[in-house]
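Structure assessment
Each chain is listed here by its residues.
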Amino acid sequence: MRRKLAAGNWKMNGTVEDLIELGQIAGLAAEDGPTVLICPPATLISRAADAARGTMLAIGGQDCHTAGSGAHTGDISALMLRDAGATHVILGHSERRADHGESDTLVSEKAVAAAAAGVAPIICVGETLAEREAGETLAVVGTQLAGSVPRSLTDLVIAYEPVWAIGTGKVPTMAQIAEVHGFIRAELGKMSAAFSAEATPILYGGSVKPGNAAEIFAVADVDGALVGGASLKAADFGPIVAALEAAA
Ligand code: 13P
């Protein structure tokens, strides 16, 4: 049985007043339900972890450096995330790949650093619209997986996020999601690796909303979601968590 995971990526959104919303999201996390994770901006991680204490809500980061400490102005290490109360970290999100030129190799090195610090990496992959239209989706995702996923990891999560579905309201067909998730599972299985492909949760991300969550979670090899906009409010995230819990 794979762990189900409802993960929220708050991106560059959220100030102290949004901890009220986080408190309500904490109420969605139950011992016998899916893992519920919120990745707030770095400025809120420590306070979010305080707010989540005594609940089942997990808190994560959105990026980390490859080093544990040192002369890297503006960066945050996985050790610091762990110290602030994070259990997970999103790595290689397409916005970081685009905004900061992150390569597969860098993402892989970050994942090694995260795991060494006891923080579970959520490694993101996904094609652009031009790549999908050129019929390159599986080749692109395969290359990203091969380069971004260290074989030494024992515990990781993969998030498939088509770049063109992020923040656009556009979602691939369920057949397209099934094709890529099945491909990812098969590719992970081919890696001679410390982790088990069968035990690795594969999340779908990109315009997941209360209205489409149940349909997406019914797709084979979809073990949860990485949610942006709809994770900011408990009223939106709640039905998504409930749909994941209800999924077979
Ligand atoms: P949206 O859910 O806002 O489309 O964002 C998805 C995402 O990028 C999560 O990491």
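Residues numbered from 1 in each chain as written. Predicted model: local features only at pLDDT ≥ 70, side-chain atom pairs only at ≥ 80, totals over all residues. Heavy atoms only, no water.

Digging into helix H10 (residues 234–246)
An α-helix turns once per 3.6 residues; consequently, residues spaced three or four apart project the same way. Taking 1.5 Å as the rise per residue, H10 with 13 residues should run 18 Å; its terminal C-alpha atoms sit 18 Å apart, in good agreement. Regarding H10, the residues found buried are Ala234, Phe237, Gly238, Ile240, Val241, Ala243 and Leu244. (Helix = DSSP H or I, 4+ residues; strand = E, 2+ residues; numbered from the N terminus. Expected span 1.5 Å × (residues − 1). Buried < 20%, exposed > 50% of the residue type's maximum accessible area, 1.4 Å probe, protein only.)

Some remarks on the pairing of strand E5 (residues 120–125)
Within E5, six of the six residues are buried, leaving the element largely enclosed by the surrounding structure. Alternating positions in E5 separate into two faces, Ala120, Ile122 and Cys124 on one and Pro121, Ile123 and Val125 on the other, with burial throughout. Inspection of the sheet shows strand E4 (residues 88–91) paired to E5 by four bridges, in the parallel sense. Along E5, the bridge assignment pairs Leu91 with Ile123. With four bridges joining them, E5 and strand E6 (residues 157–160) adopt parallel strand pairing. Looking at the pairing, Ile122 lines up with Val157 of E6. (Pairing = 2+ DSSP bridges.)

Remarks on the site of the ligand
Close to the ligand lie 13 residues, the nearest being Lys11, His93, Gly167, Ser207 and Gly228. Asn9 places a polar side-chain atom, nitrogen or oxygen, 3.0 Å from an oxygen atom of the ligand. One of the backbone N or O atoms of Gly167 is found 2.7 Å from an oxygen atom in the ligand. Summarising the interface, the protein chains cover 96% of the accessible area of the ligand, which totals 300 Å² for the free molecule. In terms of residue class, the shell around the ligand is made up of four nonpolar, seven polar and two charged. (Near = heavy atom within 4 Å. Polar contact = N/O pair within 3.5 Å; in protein donor to acceptor, adjacent residues only side chain to side chain. Areas by Shrake-Rupley, 256 points an atom, 1.4 Å probe, with all protein chains shown as cover. Nonpolar A, V, L, I, M, F, W, Y, C, P; charged D, E, K, R; others polar.)

Remarks on the sheet that holds E6
The eight strands are arranged E1-E2-E3-E4-E5-E6-E7-E8 in a closed barrel whose pairing can be described as parallel. Ignoring strand direction, the axes of neighbouring strands in this sheet form an average angle of 25°. The sheet contact formed by E6 and strand E7 (residues 202–205) spans three bridges and is parallel. Bridge pairing in E7 places Ile158 opposite Ile202. Each of E4 and E5 is contacted by helix H5 (residues 104–116), which is oriented at about 175° to E4, the strand it contacts most. (Axes fitted to C-alpha atoms, helices over the stretch in contact; angles between N-to-C directions. Contact = heavy atoms within 4.5 Å.)

A word on the side chain of His65
Inspection of the secondary structure puts His65 in the loop between strand E3 (58–61) and helix H3 (78–84). Taking the relative accessible area as the measure of exposure, His65 reaches 16% and is therefore buried. Beyond its immediate stretch of four places on either side in the chain, His65 contacts His72, Asp75, Ile76, Ser77, Ala78, Lys110 and Ala113.

Section: the pattern of salt bridges
The tally for this structure, following the rule as stated, stands at 15 salt bridges. In this structure, Arg96 and Glu102 form a salt bridge, with 2.8 Å as the shortest nitrogen-oxygen distance. By relative accessible area, Glu102 is classed as buried at 7%. Connected through salt bridges with shared partners, the residues Arg2, Arg185, Glu198, Asp221 and Asp223 form a single ionic network. (Salt bridge = Lys/Arg side-chain N within 4 Å of Asp/Glu carboxyl O.)

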